[in-house]
Amino acid sequence: MLRRFPSISQLKTVAAFRRRLQELGLALPVDEQILSGQDDSPLARPGRIGPLEVGNRWCIHPMEGWDAQLSGAPSPLTVRRWRHFGTSGAKLIWGGEAMAVVPQGRSSPRELLICEENRRGIKLLLEELKEAHLRRCGSLQGLVVGLQLTHSGRFSAPEGTPRPRIAWHHPLLDAKVGIAPTDDSPILSDQELQGLVPRYVEAAQLAAEVGFDFVDIKACHGYLLHELLGAHLRPGPYGGSLEGRSRLLRQIIQAVRQACPELVLGVRLSAFDLVPFAAGEREQEGRPQLRPELLPYRWGFGVDPHQPTRPHLHETFQLLHWLRDWGVAVVNLSGGSPYYCPHAQRPAQFPPCDGYPPPEDPLVGVGRMIEVARQCKEELPQLPLVGTGYSYLQEYLPHVAQAVVRQGWIDYVGLGRMVLSYPELPWDVLTTGRLNRRRICRTFSDCTTGPRNGLPSGCYPLDAFYKRLPEAVRLRKIKSSQ
Ligand SMILES: Cc1cc2nc3c(=O)[nH]c(=O)nc-3n(C[C@H](O)[C@H](O)[C@H](O)COP(=O)(O)O)c2cc1C
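Counting of residues starts from 1 at the beginning of each chain's written sequence and follows it residue by residue. In view of the model being predicted, local features appear only for residues whose pLDDT reaches at least 70, and side-chain atom pairs are presented and counted only at 80 or more, with totals across whole chains, interfaces and linings using the full set of residues. Side-chain numbers come from the whole structure's heavy atoms, not from hydrogens or water.

### Quick notes on the overall build of the chain
So, point 1. Going along the chain from the N terminus, every DSSP run of H or I of four or more residues is numbered as a helix, and every run of E of two or more is numbered as a strand. Assigned secondary structure in the chain consists of 17 helices and 14 strands.
So, point 2. Its C-alpha atoms give the chain a radius of gyration of 21 Å, within 12% of the compact-globule value 23 Å for 482 residues.
So, point 3. Along the first, second and third principal axes, the C-alpha set of the chain runs to 55 × 55 × 50 Å.
So, point 4. In this scheme, a residue with accessible area under 20% of its type's maximum is buried, one over 50% is exposed, and one in between is partly exposed, where area comes from a 1.4 Å probe on protein chains only. Counting across all 482 residues of the chain, residues that qualify as buried make up 62%. For the radius of gyration, the atom set is restricted to C-alpha positions; the globular benchmark scales as 2.2 Å times the number of residues to the power 0.38.

Okay, here's the thing in structure tokens:
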């Protein structure tokens, strides 16, 4: 039987919202009122990441648009999105969006590609973002912009159809990308993995030359460097112990530091993982795809091997200590993957077309993310951390965000889907202490359903620009036929 959960807009007051959290057993702090900068909001206070001063505690997460040109250069849609990142008023811009370091590592033919030929386009993105920020905020002071570098690994599809390159066989995910259990050809050899190190270095050098303040060596969401962290069963130097599983990440970080000593380094990390979920029979809520022979679960990182529907942070803490020791100045904490546990990675009321009806109140997913980040912060108080998964909080996003920052649960609050529908949210909060309710993301997941069907991402329900595109009509048809 499909469970229904009360929507956030039904919770009319802070008291009602708190009651709902209590019913769910979630101990999230919630401020009574939204504070503006003038009210001394914790979100308005500056922060520090290594040598960089960050003007406030709002961060814009990387948000890919599946709208690059086939060459991997940005399109006008990409530029528009980056202008929105700049105009948000957030002072920490994490990556803009994923940029592949090699053509074979693109997740779609519409993913950005960082290479010499695209240098001008990448520079343009940064310039447009900064100009929009300057226009909105009157100053570039405290603005910190990074670039996210990636290899999509298992989820590579550079020509549009899956061309997975994997770290190891996965008993459930191989079938999802068309790999037969006996076919070892998609497994990246040790040599191929090692060969990626110079590609990351070249990309980081280009980012530094273009003027980015930091690069993110992306290790989240099921992509290559994240998948490697769970390569318990891979033989050789890149598998087995955590030391082996994190070897490539360390080699990349160390090589980039050597080549670009001035460049600040960040890592976006899936701090926890879950066993893959899928819809139950007859479109029932998502269920973990657990079979007895998969226990103990040996295919993840930050997941309890005996109860793989639960995070287990022992190795996560160890890796965070190492990242700090290797010179990483900031970590953006995410969890899971949009491909196999979207309810945990981006809690939503309405699932994307390749997802499943929520198996839990999406607030539980938000609570999981915030609690995992709290525990990481407690373990490493000196390492600046960015939190994820706040968009589903909707009206109460600022109430929770300012409370968790004040209480030291997290240093920066990141916005993902919310920035597509309502880019100026941080600015509105900081300057007026109020939200424009009509622009709040209601987690319809069109921004994911679109790209899963070959369309660009964007907020089709609320952004007038996307609403008017012919693609909006196509998306409606696709949704109604599903
Ligand atoms: C359309 C879309 C594009 C995304 N692109 C990226 C990306 O390029 N890199 C990345 O690390 N995460 C990406 N994410 C994940 C978001 O950064 C964020 O972690 C997720 O949406 C949860 O945060 P939220 O609750 O604020 O939306 C994307 C998410 C969506 C919905």
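### Observations regarding the site of the ligand
So, point 1. Put simply, a residue is near a molecule or strand once any heavy atom of it comes within 4 Å of that molecule or strand. Surveying the vicinity of the ligand reveals 23 residues, the closest of which are Glu64, Gln148, Ser391, Gly416 and Arg417.
So, point 2. Ala98 is positioned with one of its backbone polar atoms (N or O) 3.0 Å from an oxygen atom of the ligand.
So, point 3. Here a polar contact is taken to be a pair of N or O atoms separated by no more than 3.5 Å, where protein atoms must pair a possible hydrogen donor with a possible acceptor and residues adjacent in sequence count only if both atoms sit in side chains. In this structure, an oxygen atom belonging to the ligand sits 2.7 Å away from a side-chain N or O atom of Arg417.
So, point 4. Its free accessible area being 620 Å², the ligand has 99% of it covered by the protein chains.
So, point 5. Any residue that is not Ala, Val, Leu, Ile, Met, Phe, Trp, Tyr, Cys, Pro, Asp, Glu, Lys or Arg is counted as polar, Gly included; the first ten are nonpolar and the last four charged. A class-by-class count of the residues in the shell around the ligand yields 7 nonpolar, 10 polar and 6 charged.
So, point 6. An automatic or database domain assignment is the source of the domain bounds shown. Two domains each put at least three residues into the shell around the ligand: domain 1 (8–443) and domain 2 (444–482). Surface accessibility follows the Shrake-Rupley procedure with a 1.4 Å probe radius. Residue values consider only the protein chains on display as shielding.

### Overview of the packing of helix α2 (residues 76–87) against helix α3 (residues 119–137)
So, point 1. Comment: axis = line fitted to C-alpha atoms, over the contacting stretch for helices; angle = value between 0 and 180 degrees taken between N-to-C directions. Axis separation between α2 and α3 bottoms out at 7 Å; the angle between their running directions is 40 degrees. Taken together, α2 and α3 sit at an angle that is classed as oblique. Helix-helix and strand crossings are classified by hand; for α2 and α3 the assignment is right-handed. Between α2 and α3, the contacting residues are Thr78, Val79, Trp82, Arg83, Phe85, Gly86 and Thr87 on the first element and Leu124, Leu125, Leu126, Glu128, Leu129, Glu131, Ala132, His133, Arg135 and Arg136 on the second.
So, point 2. For the contact of α2 with α3, the residue count by class is 8 nonpolar, 4 polar and 5 charged. Should an angle lie under 35 degrees it is considered roughly parallel, over 145 roughly antiparallel, and from 65 to 115 roughly perpendicular; all remaining angles are considered oblique. Take the far helix as your reference; a near helix turned counterclockwise from it by less than a right angle gives a left-handed crossing, and one turned clockwise gives a right-handed crossing. By the convention used here, residues are in contact when the closest approach between their heavy atoms is within 4.5 Å.

### A few points about the pattern of salt bridges
Think of it this way: side chains of opposite charge can pair up when their charged atoms draw near.
So, point 1. Basic side-chain nitrogens of Lys or Arg form a salt bridge, by our definition, when they fall within 4 Å of a carboxyl oxygen of Asp or Glu. Tallying each qualifying case throughout the model produces 33 salt bridges.
So, point 2. With a shortest N-O distance of 3.7 Å, Arg83 and Glu131 are connected by a salt bridge. Linking Arg83 in helix α2 with Glu131 in helix α3, this pair joins segments that are 48 residues apart in sequence.
So, point 3. A residue is classified by how much of its surface remains accessible, and Arg83, at 22% relative accessible area, is partly exposed.
So, point 4. With a closest N to O distance of 2.6 Å, Asp354 and Arg452 form a salt bridge. Placement of Asp354 in the loop between α10 (342–345) and α11 (362–379) and of Arg452 in helix α15 (residues 446–452) is noted, with a sequence separation of 98 residues between them.

### Structural notes on helix α17 (residues 470–480)
So, point 1. Burial in α17 covers these residues: Ala472, Leu475 and Ile478. Around the axis of α17, the buried residues are gathered within 120 degrees of arc, so they sit on the same side. Counted as exposed and oriented over 90 degrees from the buried face of α17: Pro470, Arg476, Lys477 and Ser480.
So, point 2. Lining the buried residues of α17 we find α15 and α16 (464–467). It is the directions from the helix axis to the C-beta atoms that the arc portrays.

### Looking at the nonpolar core
So, point 1. With 133 residues, the main nonpolar core has Phe17, Trp58, Leu147, Leu149, Val215, Ile217 and Leu323 as its most contacted residues.
So, point 2. Per element, the largest residue contribution to this core is 10 residues, and it comes from helix α5 (residues 190–210).
So, point 3. In contact with Val215, other than residues within four places in its own chain, are Leu147, Leu149, Ala204, Ala207, Val256, Leu263, Val264, Leu265 and Gly266.
So, point 4. What we call a nonpolar core is a set of buried Ala, Val, Leu, Ile, Met, Phe, Trp, Tyr and Cys residues that are connected through their side-chain atoms within 4.5 Å. Counting residues in each nonpolar core, the second largest holds 13 residues, with Val144, Val264, Ala329 and Tyr412 among its members.

### A few points about helix α14 (residues 425–432)
So, point 1. Listing the buried residues of α14 in full gives Leu425, Pro426, Val429 and Leu430. Down the axis of α14, the smallest arc covering the buried residues is 125 degrees, so these residues share one side.
So, point 2. Buried-residue contacts for α14 involve β3 (58–60), α12 (397–406), β14 (412–415) and α13 (418–421).
So, point 3. Backbone geometry just downstream of α14 places Gly433 in the positive-phi region, at approximately 70 degrees.

### Overview of the pairing of strand β12 (residues 330–334)
So, point 1. Of all 5 residues in β12, 5 are buried; the element is thus mostly enclosed.
So, point 2. Residues Val330, Asn332 and Ser334 of β12 are buried on one face, and the alternating residues Val331 and Leu333, pointing to the opposite face, are buried as well.
So, point 3. Here 5 bridges tie strand β9 (residues 264–270) to β12, and the two strands are oriented parallel to one another. Looking across to β12, one finds that Val267 is bridged to Val331.
So, point 4. Should DSSP find at least two bridges between two strands, the strands are regarded as paired. Bridge analysis of β12 against strand β13 (residues 385–387) gives 2 bridges, and the strand direction is parallel. The residue of β13 that forms the bridge with Asn332 is Val386.

### A short note on the pairing of β9
So, point 1. By the criterion of burial, β9 is predominantly enclosed, with 7 of the 7 residues buried.
So, point 2. Judged by which residues are buried, β9 turns out to be covered on both faces: Val264, Gly266, Arg268 and Ser270 on one side and Leu265, Val267 and Leu269 on the other are all buried.
So, point 3. Judged from the 3 bridges that link them, strand β8 (residues 214–217) and β9 form a sheet pairing that is parallel. Within β9, the position partnered with Phe214 by the bridge is Val264.

### A word on the environment of Cys459
So, point 1. Inspection of the secondary structure puts Cys459 in the loop between α15 and α16.
So, point 2. Not counting residues within four places of it along the chain, the set of residues in contact with Cys459 comprises Leu420, Ser421 and Tyr466.

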